[in-house]
Each structure stands twice: as C-alpha cells, then as structure tokens.
Amino acid sequence: MSPMTVTPAPALTVGFDLDMTLIDSRPGIHACYRALAERTGTFIDADLAVTRLGPPLAEELVNWFPAEEVAGMADLYREMYPSIAIAATPAMAGAREAIDAVRTVGGRTMVVTAKYEPNAKLHLDHLRIAPDVVVGDLWAEQKAEALREYGAAVYVGDHVGDVRGARTAGALSVAVVTGPCDGDELRAAGADVVLDDLSAFPAWLAAYREAPRA
C-alpha cells in the first residue's frame, strides 16, 4: 500500500500597509511638501496634509494645484522625495517586531501601499525592514489585487481604506490606531481587530495562530 501524500499547509502570509503603519512618514512628507511649495511658489499647508495620509498623492495635491498640473507636480514630488524624506522617516513602534513575529511562525510578509513603489522600497531598505514582497501604487480596494495574488490571510493597516482592501480580498483586517483614523472609524469600516500599535501585534498573532477562528 502506497504511503499517503500529505500536502503541506500554505505558509501564513501577512500584509502590512506602510505609511503610519510600519513607518511614521509624517516628518519626511511634511518636509517634502514644504520643499515642493518653495520650489513651485505654491502654498501647501504641510501641517494639514500630514493629518490625512493614506490616499494616493494626487488626492492631496489636487487641494493645492489645478487639476491639469497635478500629474506633473506628483512626478516632481516623487523626484524630490528620496533626498528629503527617507532619512527623516523613522519606523513605527513595534514595526520590526511585527515582521519578525510573522517570520518566527514560518510565515511570509508583504507590504502593500499607495506609495510610489520605488520610494516605498527606499524607506524599507533605509530602516532595514525586509518584507518578502513589496507592492506599491495600490489604494483601498485596489490593494486586494496584491493581497489575493499572494494569498494574504491578514492585512494590517491604519486607514479605513486599508480595512476596505482587506475585506475586498477576503483577508482578516487588523487595524492600528497610529494613523488618521481612530478606533471607532476603523471598527465602523469593518476592521476585525483594532490594536493600539504594532507593539501589540506579536501577542495578537500568537493568539490568532492558536485559535484563528476565535
């Protein structure tokens, strides 16, 4: 009698948002908006802009530039960004530990972000955070494309757009209140779990692994 072939269970894949989830991008983005304002002679309220991070860059720039100029201003911003924003941006509390926690249980990690992908990778390289996959230029429900492609079971983010992306992908939505959305907003959007920050993620993951249906 031939021995039964057992197919190993697929590795747990956990996706993370970038801005205000893994990195505190406010200082770098604030500096870049100020530099863009100085270079173009256009007023940009950088203090206000960094309170609503999450959506694509164009959705912020349209508040300060005529619609026909937004694409060009976005290109200029992205060109200026590496020399201004990367070194100014720290990791969020618990970010490295959250990535390590997934690896410890044999899982893989991915970052899915609305940020321009080359700049997202620069941030991660600078901070020595090394997910297995990085996908940029996706926002809200669009994030489901990458989450589904890589079979992510969990997606962690700070914005209601991240919750929508997780739910569209059929992934568990874990939200952190480190961005512009508070816990009530995240729960109302459909977050399955709300944590204060990523410092709480390893303990949550351990419990989830013990009882994923709880």
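Details of the structure are given in the entry above.
In this report, we go over the structure that sits alongside the text. Each residue is numbered by its place in its chain's sequence as written, counting from 1. Local features in this predicted model are restricted to residues whose pLDDT is 70 or higher, and side-chain atom pairs enter the listing and the counts only when it is 80 or higher, whereas totals over whole chains, interfaces and linings include all residues. Only heavy atoms go into the side-chain values, all of them from the structure, while hydrogens and water stay out.

### With respect to the overall build of the protein
And then number 1: A tally of regular secondary structure across the protein gives 10 helices and 6 strands.
And then number 2: For the protein, the C-alpha radius of gyration of 18 Å lies close to 17 Å, the compact-globule estimate for 214 residues.
And then number 3: Here the C-alpha coordinates of the protein stretch approximately 80 × 35 × 30 Å along the principal axes.
And then number 4: Scored against the burial criterion, the 214 residues of the protein give a buried share of 50%.
And then number 5: In what follows, a contact means two residues having at least one pair of non-hydrogen atoms within 4.5 Å. Taking the contacts inside the protein whose residues are at least 6 apart along the sequence as the reference set, 60% of them involve residues at least 24 apart. Put simply, DSSP marks the helices as runs of H or I at least four residues long and the strands as runs of E at least two long, and each gets a number from the N terminus on. Using C-alpha atoms as the atom set, the radius of gyration is obtained and then compared with a globule rule of 2.2 Å times the number of residues to the power 0.38. For each residue, the accessible area found with a 1.4 Å probe, counting protein chains only, is set against the maximum for its type, and the residue is called buried under 20%, exposed over 50%, and partly exposed in between.

### What to know about the pairing of strand β4 (residues 154–157)
And then number 1: Residues of β4 alternate between two faces, with Val154 and Val156 on one and Tyr155 and Gly157 on the opposite face, all of them buried.
And then number 2: Note on pairing: two strands pair once DSSP finds at least 2 bridges between them. Sheet topology note: the strand β1 (residues 13–16)/β4 ladder contains 3 bridges and is parallel. Note on β4: the bridge partner recorded for Val14 is Val154.
And then number 3: In this region the chain leaves β4, passes through helix α8 (residues 160–169) and returns to the parallel neighbour strand β5 (residues 172–176); the handedness of that crossover is right-handed. Seen with its strands pointing away from the viewer, a crossover is right-handed when the path leading from the first strand over the helix to the second is clockwise.

### With respect to the side chain of Thr89
And then number 1: Along the polypeptide, Thr89 turns up in the loop between α4 (70–85) and α5 (95–104).
And then number 2: Residue Thr89 is classed as buried on the basis of its relative accessible area, which comes to 2%.
And then number 3: Residue contacts for Thr89: discarding those within four places in its chain leaves Ile23, Asp24, Ser25, Gly28, His123 and Leu127.

### Points about the sheet that holds β5
And then number 1: Within the open sheet, the 6 strands sit side by side as β3-β2-β1-β4-β5-β6. Their pairing is parallel. Either end of the sheet is taken by a strand with one partner, and the two such strands are β3 (133–135) and β6 (193–195). Taken over all neighbouring pairs, the strand axes of this sheet differ in orientation by 20 degrees on average, direction set aside.
And then number 2: The pairing of strand β2 (residues 108–112) with β3 spans 3 bridges and is parallel. Of the residues in β3, the one forming a bridge with Val112 is Val135. Angles here are taken between N-to-C directions and fall from 0 to 180 degrees, while the axes themselves are lines fitted to C-alpha atoms, restricted in helices to the stretch in contact.

### Here's the deal with the packing of α5 against helix α10 (residues 201–210)
And then number 1: Their axes nearest at 9 Å, the elements α5 and α10 cross at an angle of 20 degrees. The orientation of α5 with respect to α10, classified from their angle, is roughly parallel. By crossing handedness, the relation of α5 to α10 is classed as right-handed. Across the interface between the two elements, Glu97, Ala98, Ala101 and Val102 of α5 pack against Phe201, Pro202 and Leu205 of α10.
And then number 2: Classification convention: Asp, Glu, Lys, Arg as charged; Ala, Val, Leu, Ile, Met, Phe, Trp, Tyr, Cys, Pro as nonpolar; all other residues, Gly among them, as polar. Taken together, the residues that form the contact of α5 with α10 break down as 6 nonpolar, no polar and 1 charged. Between 65 and 115 degrees an angle is taken as roughly perpendicular, under 35 as roughly parallel, over 145 as roughly antiparallel, and anywhere else as oblique. By convention, the crossing between two helices is left-handed when the near helix turns anticlockwise from the far helix through less than a right angle, and right-handed when the turn is clockwise.

### Concerning the nonpolar core
And then number 1: Side-chain atoms within 4.5 Å link the members of a nonpolar core, which is a set of buried Ala, Val, Leu, Ile, Met, Phe, Trp, Tyr and Cys residues. Core analysis: the biggest nonpolar cluster contains 28 residues, and Phe16, Leu22, Leu198, Phe201 and Trp204 have the highest contact counts within it.
And then number 2: The element best represented in this core is α5, accounting for 5 residues.
And then number 3: Setting aside anything within four residues of it in sequence, one finds Leu22 in contact with Phe16, Asp17, Ala91, Met92, Ala95, Ile99, Val111, Leu124 and Leu198.

### Overview of helix α1 (residues 26–40)
And then number 1: End to end, α1 covers 21 Å across 15 residues, agreeing with the expected 21 Å (1.5 Å per residue, within 8%).
And then number 2: Considered for burial, the residues of α1 that qualify are Gly28, Ile29, His30, Cys32, Tyr33, Ala35, Leu36 and Ala37.
And then number 3: Elements in contact with the buried residues of α1: α2 (46–49), α3 (57–61) and α4.
And then number 4: Among the residues trailing α1, Gly41 stands out with phi positive, at a value near 70 degrees. To estimate the expected span of a helix, count its residues, drop one, and scale the result by 1.5 Å.

### Section: α4
And then number 1: The largest bend in α4 is about 30 degrees, located at Glu79, with the proline Pro82 one to four residues further on.
And then number 2: Turning to α4, its buried residues are Val70, Met73, Ala74, Leu76, Tyr77, Met80, Tyr81 and Ala85.
And then number 3: Its buried side turned inward, α4 meets α1, α3 and α6 (117–127). Consider a residue and the seven residues that end there alongside the seven that start there; fitting an axis to each set, the bend is the angle between those axes.

Functional significance is not addressed by these values, which are geometric in nature.
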